[in-house]
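Structural characterization, general
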Amino acid sequence: MARIADLVAYPLKSNDGAAVDRADLGPNGALRGDRTYALVEAGVDPHAASVGGDGGYVNGKAEPAVHGLSASYELAGPTDATPTAVTLSRPARPETGADAETCTFALPADGEALEAWVGAYLGYPVDLVREPDGGLPDDRAAPGPTVVSRATLETVASWFDEVADATEMRRRLRPNLVLDDCPAFWEDRLFADHGEAVRVSVGGTDLLGVNPCQRCVVPSRHPDTGEPIDGFRETFLRKRRETRPTWTESDRFDHDFRLMVNTVVPENEWGSTLAVGDSVEIEGVEPVPVDEN
């Protein structure tokens, strides 16, 4: 039986994750504290902006220099990954005159100082934005925890000489739930056709698997340096096609540059707690509860 091996929240969107043993599901179903904060270009409304490369978010899609930032966090509690402080490190960046430096910022009190520090590194002004009620996910229609198996991470890592191991692939893909005791691409069982969702019991808490995640340029770059892998997309597409299991068949899987599953959490499950070691069981297919438009 599949089980949760790792639970990872990303308190500052597009930055390092924080592994936790237990995590509450907050409003809208995300892990509490996940993507609570994000950086955007100054003046951008994070709720109206696209998370794509030209949407105004300061993320790896739009700004490769983001990979040079590393983050560690002080969290609000043992099941709440909302950051009360973040320690950021940056390398020297001659093109903007920024020196290598590490600074700790209390949140939200030191938000303006963080904005100035990151802006000096990037070379343009940024805003630190906050959404405590559900965070700022990429998939606004399916904002629950994202799911992938460790075997998938190991398999995909093996496709690229430049990727050290499954841990590095996890850092490239940024899932919330990593599963053990299941084969590669088992998570592809967690979505069905358009208009349908797959109900999954996770330690007694129900999630609805909805959509296979469309990948972007970020997994092709080293999570610390931003160094790209030449031909990443082409290799990924070829290997994904070669290794795609029969259970992946779905009209949602309309191209091979998809990996990981986005979920919806029923409102009655908000406030539930997920934990490392929880069993993961598929319960069945049902009509999707979200507006897919």
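An account of the accompanying structure is given in this report. Throughout, a residue's number is its position along its own chain's written sequence, starting from 1. Local features in a predicted model are, by the rule used here, given only for residues with pLDDT of at least 70; side-chain atom pairs are given and counted only at 80 or more, and totals for whole chains, interfaces and linings are based on all residues. Each side-chain value is worked out from all heavy atoms of the structure, with water and hydrogens disregarded.

With that out of the way, let us pick up the overall build of the protein. The way it works is that DSSP assigns letters per residue, a run of H or I at least four long becomes a helix, a run of E at least two long becomes a strand, and they are numbered from the N terminus. Scanning the protein from terminus to terminus reveals four helices and 15 strands. For a compact globule of 293 residues, the expected C-alpha radius of gyration is about 19 Å, and the protein comes in at 18 Å, within 12% of that figure. Based on the C-alpha atoms only, the size of the protein along its principal axes is roughly 55 × 40 × 35 Å. For each residue, the accessible area found with a 1.4 Å probe, counting protein chains only, is set against the maximum for its type, and the residue is called buried under 20%, exposed over 50%, and partly exposed in between. Counting the 293 residues in the protein, one finds 56% classified as buried. What makes two residues a contact is simply this: any of their non-hydrogen atoms within 4.5 Å. For the protein, the proportion of contacts with a sequence separation of at least 24, taken over those separated by at least 6, is 72%. Working definition of accessibility: Shrake-Rupley area with a 1.4 Å probe, residue cover restricted to the visible protein chains. Accessible area of the protein: about 12,200 Å², with a carbon and sulfur share of 45%. When charges are tallied, Lys and Arg are placed among the positive residues and Asp and Glu among the negative ones, while His and the ends of the chain are skipped. Just so you know, the charge point we use is NZ for Lys, CZ for Arg, CG for Asp and CD for Glu. For the protein, the distance from the average position of its 27 positive side-chain charges to the average position of its 51 negative side-chain charges is 4 Å. As a reference, a globule follows 2.2 Å times the number of residues to the power 0.38, and the radius of gyration itself is taken over C-alpha atoms.

Looking at the element boundaries, Glu115 is found in helix α1 (residues 111-122). One side-chain nitrogen of Lys or Arg within 4 Å of one carboxyl oxygen of Asp or Glu is enough to make a salt bridge. Although Glu115 lies buried, it forms no salt bridge, and the closest oppositely charged side chain, Arg130, sits 12 Å away as judged by the N-O distance. Once residues within four sequence positions are removed from consideration, Glu115 is found in contact with Val126, Asp127 and Leu128.

Ranked by size, the top nonpolar core spans 26 residues in total, and within it Ile4, Leu7, Leu274 and Val280 carry the most contacts. Every element with two or more residues in this core is listed here: β1 (2-9), β10 (177-180) and β11 (196-202). No other element matches β1, which puts four residues into this core. Setting aside anything within four residues of it in sequence, one finds Leu274 in contact with Ile4, Leu7, Asp21, Arg22, Ala23, Leu25, Leu31, Pro145, Leu177, Val202 and Thr205. We call a set of buried Ala, Val, Leu, Ile, Met, Phe, Trp, Tyr and Cys residues a nonpolar core when their side-chain atoms join them within 4.5 Å. The next biggest cluster of nonpolar side chains, apart from the first, holds 23 residues, and it includes Ala71, Leu88, Cys103 and Leu128.

A few words on the environment of Ser201. Mapped onto the fold, Ser201 is located in strand β11. Since its relative accessible area comes to 12%, Ser201 is described here as buried. Residues in contact with Ser201, not counting those within four places in the same chain, are Asp206, Ser279, Val280, Glu281 and Glu283. Here the side chain of Ser201 touches Gly204 through a polar contact of 3.5 Å, landing on its backbone nitrogen. Whenever a nitrogen or oxygen atom comes within 3.5 Å of another N or O atom, the pair is scored as a polar contact, on the condition that within protein one atom can donate a hydrogen and the other can accept it, and that pairs from neighbouring residues in sequence are kept only if both atoms are in side chains.

Classification of ring pairs uses Phe, Tyr and Trp, with its six-membered ring standing for Trp, and accepts pairs whose centres are within 6.5 Å; under 30 degrees between planes counts as stacked, over 60 as edge-to-face, and the remaining range as tilted. Counted by the stated rule, this structure contains seven aromatic pairs. Between Phe105 and Trp117, the ring centres sit 5.8 Å apart and the planes meet at 65 degrees, which makes this aromatic pair edge-to-face. With Phe105 in strand β7 (residues 101-106) and Trp117 in helix α1, this pair connects stretches of sequence that are 12 residues apart. With 6.4 Å between their ring centres and 5 degrees between their planes, Phe191 and Phe253 make a pair best called stacked.

The next thing to look at is the state of the cysteines. Whenever a pair of cysteine sulfur atoms sits within 2.5 Å, that pair is classed as a disulfide. The final tally for this structure, using the stated rule, is zero disulfides. Cys182 takes part in no disulfide bond, and the closest cysteine sulfur to it belongs to Cys213, at a distance of 17 Å.

So, about a negative patch on the surface. Patches here are clusters of residues that have more than 30% relative accessible area and form no salt bridge, with a 9 Å joining cutoff for like charges and a 5 Å cutoff for nonpolar side chains (Val, Leu, Ile, Met, Phe, Trp, Tyr). A cluster of like negative charges, contributed by Asp161, Glu162, Glu227 and Asp230, occupies part of the molecular surface. If you trace the backbone, Asp161 turns up in the loop between α2 (150-158) and α3 (166-173).

Take it as geometry only, folks, not as evidence of what the structure does.
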